Amino acid sequence: MEPNLPDVVLWSIPAFVLLTVIEMVSYRLHPDEDAAGYDTRDAATSLTMGLGSLGFDLLWKIPILAIYMGVYELTPLRVPVLWWTVLLMLLAQDFFYYWSHRGHHVIRILWACHVVHHSSRKFNLTTALRQPWTSATVWPFYLPLIACGVHPAALAFCQSANLVYQFWVHTERVGKLPRPFEYVLNTPSHHRVHHASQGSYLDRNYGGILIIWDRMFGSFAAETERPVYGLTKNITTHNPLRVATHEYAAIARDVRAAGSWSERAGRIFRGPGWQPAPRAGAEAVAPEPVRLDAPEPVPVRAEAPAAVPAAAPAPEHTR
């Protein structure tokens, strides 16, 4: 029997609206010149991306739910929905969320989906709503839970709870919390690091609800310097369609310009900063660029402009 669990996201919408209004008003009453704050066009783009993701998610859920139900029917295991098993399922879902999130940062075709969430140079509560329209790449990471007997509806509840929790960590208006909370939970301080583009902050703090996974698996970084938000090569558009697809377009250009099948595979499945070793006799690869808008120049993952005719074309991705 399908578990009867509440729609966490639906119940949380009034709180989302109220907290966003409070944050906006706080910037009006107590402006912070060092904070990223709000930009009307940027916030509108984030809201549009969030609304669009709701519609696209409904489309993706049809085949994904079919796969999940097929696996659930095949497994002899069943996890009952009780108060204590729900807590264990939330813990397990957060663990697999960590690996899904990490995978979407280190595999370029997955990054093409997730880059949408990092494309804003602002960091406020509307940034939490800047969600991708191609989230069909997420579902394989949760198959182990279904195979262990977690009902797809229970998994959906846990995913919604995780998503709702992460709303409030997208803010600069909350400083560091007491040490016990900072040690265990994902907090605004930890998530500011995750959205930063400095080299020392890249690919850090993947946790959803808990930050302990990052501490366990070596991806944790504390907030020490003020973050510079956005990508190492920022996009300059507020067009929602381009925001949703710009990295897929860059991958397609890189694949067309690739000189071999191994390079084509690398452009798709290796990291966002990957580029092939130069062939014998080719000119050396240019050194990695740095962000000119960072407080101090620090090395970041290699980024290059549009591919140009050369022995080893440089990728056009954003990071």
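Residues numbered from 1 in each chain as written. Predicted model: local features only at pLDDT ≥ 70, side-chain atom pairs only at ≥ 80, totals over all residues. Heavy atoms only, no water.

Caption draft 1: How the structure looks around the overall build of the protein. Per the secondary structure count, the protein includes 11 helices and zero strands. The helix and strand sequence of the protein, counted from the amino end, reads α-α-α-α-α-α-α-α-α-α-α. Across the 319 residues in the protein, those meeting the buried criterion constitute 46%. Restricting the contact set of the protein to residue pairs at least 6 apart, pairs at least 24 apart contribute 73%. Accessible surface computed for the protein: about 16,200 Å², of which carbon and sulfur atoms make up 68%. (Helix = DSSP H or I, 4+ residues; strand = E, 2+ residues; numbered from the N terminus. Buried < 20%, exposed > 50% of the residue type's maximum accessible area, 1.4 Å probe, protein only. Contact = heavy atoms within 4.5 Å. Areas by Shrake-Rupley, 256 points an atom, 1.4 Å probe, with all protein chains shown as cover.)

Caption draft 2: Here's a closer look at the pattern of salt bridges. For the structure shown, the criterion picks out six salt bridges. R108 serves as the salt-bridge partner of E247, at 2.9 Å between the closest nitrogen and oxygen. Of this pair, E247 sits in helix α10 (residues 240-257) while R108 sits in helix α4 (residues 108-114); the two residues are 139 residues apart in sequence, bridging distant segments of the chain. Neither E247 nor R108 differs from the other in exposure class; each is buried. The network of salt bridges with common partners includes R108, E247 and D254. (Salt bridge = Lys/Arg side-chain N within 4 Å of Asp/Glu carboxyl O.)

Caption draft 3: How the structure looks around unusual backbone geometry. One non-glycine residue, D203, adopts positive backbone phi at about 60°. Phi at N205 is positive, roughly 60°, even though this residue is not glycine. Note that N205 resides in the loop between α8 (188-195) and α9 (212-216).

Caption draft 4: Representation of the packing of aromatic side chains. The tally for this structure, following the rule as stated, stands at 12 aromatic pairs. The interplanar angle of 20° and the centroid separation of 5.1 Å between the aromatic rings of F56 and W133 together place this pair among those described as stacked. With F56 in helix α2 (residues 40-74) and W133 in the loop between α4 and α5 (143-147), this residue pair connects regions lying 77 residues apart in the sequence. A residue is classified by how much of its surface remains accessible, and F56, at 31% relative accessible area, is partly exposed. Judged by relative accessible area, which is 13%, W133 ranks as buried. Seen in terms of ring centroids, F95 and F96 are 5.3 Å apart; in terms of plane orientation they differ by 80°. Their pairing is edge-to-face. (Phe/Tyr/Trp six-rings, centres within 6.5 Å; stacked < 30°, edge-to-face > 60°.)

Caption draft 5: A look at α2. Here α2 contains 35 residues, and its C-alpha end-to-end distance of 50 Å stays within 8% of the 51 Å for a straight helix at 1.5 Å per residue. Within the sequence span of α2, burial applies to D42, A43, T45, S46, M49, G50, G52, S53, I64, Y68 and Y72. Here the buried face of α2 lies against α5, α6 (152-167) and α10. With a side-chain oxygen positioned 3.2 Å from the backbone nitrogen of R41, the residue opening α2 is D39. (Expected span 1.5 Å × (residues − 1). Polar contact = N/O pair within 3.5 Å; in protein donor to acceptor, adjacent residues only side chain to side chain.)

Caption draft 6: Inspection of the environment of L185 at higher detail. You can see L185 is positioned in the loop between α7 (179-184) and α8. Its relative accessible area of 23% is what places L185 among the partly exposed residues. Along the backbone, L185 and L210 are 25 residues apart, and their C-alpha atoms lie at a distance of 4.3 Å. Not counting chain neighbours up to four residues away, the residues in contact with L185 comprise Y165, H190, I209, L210 and I211.

Geometry only, nothing functional implied.
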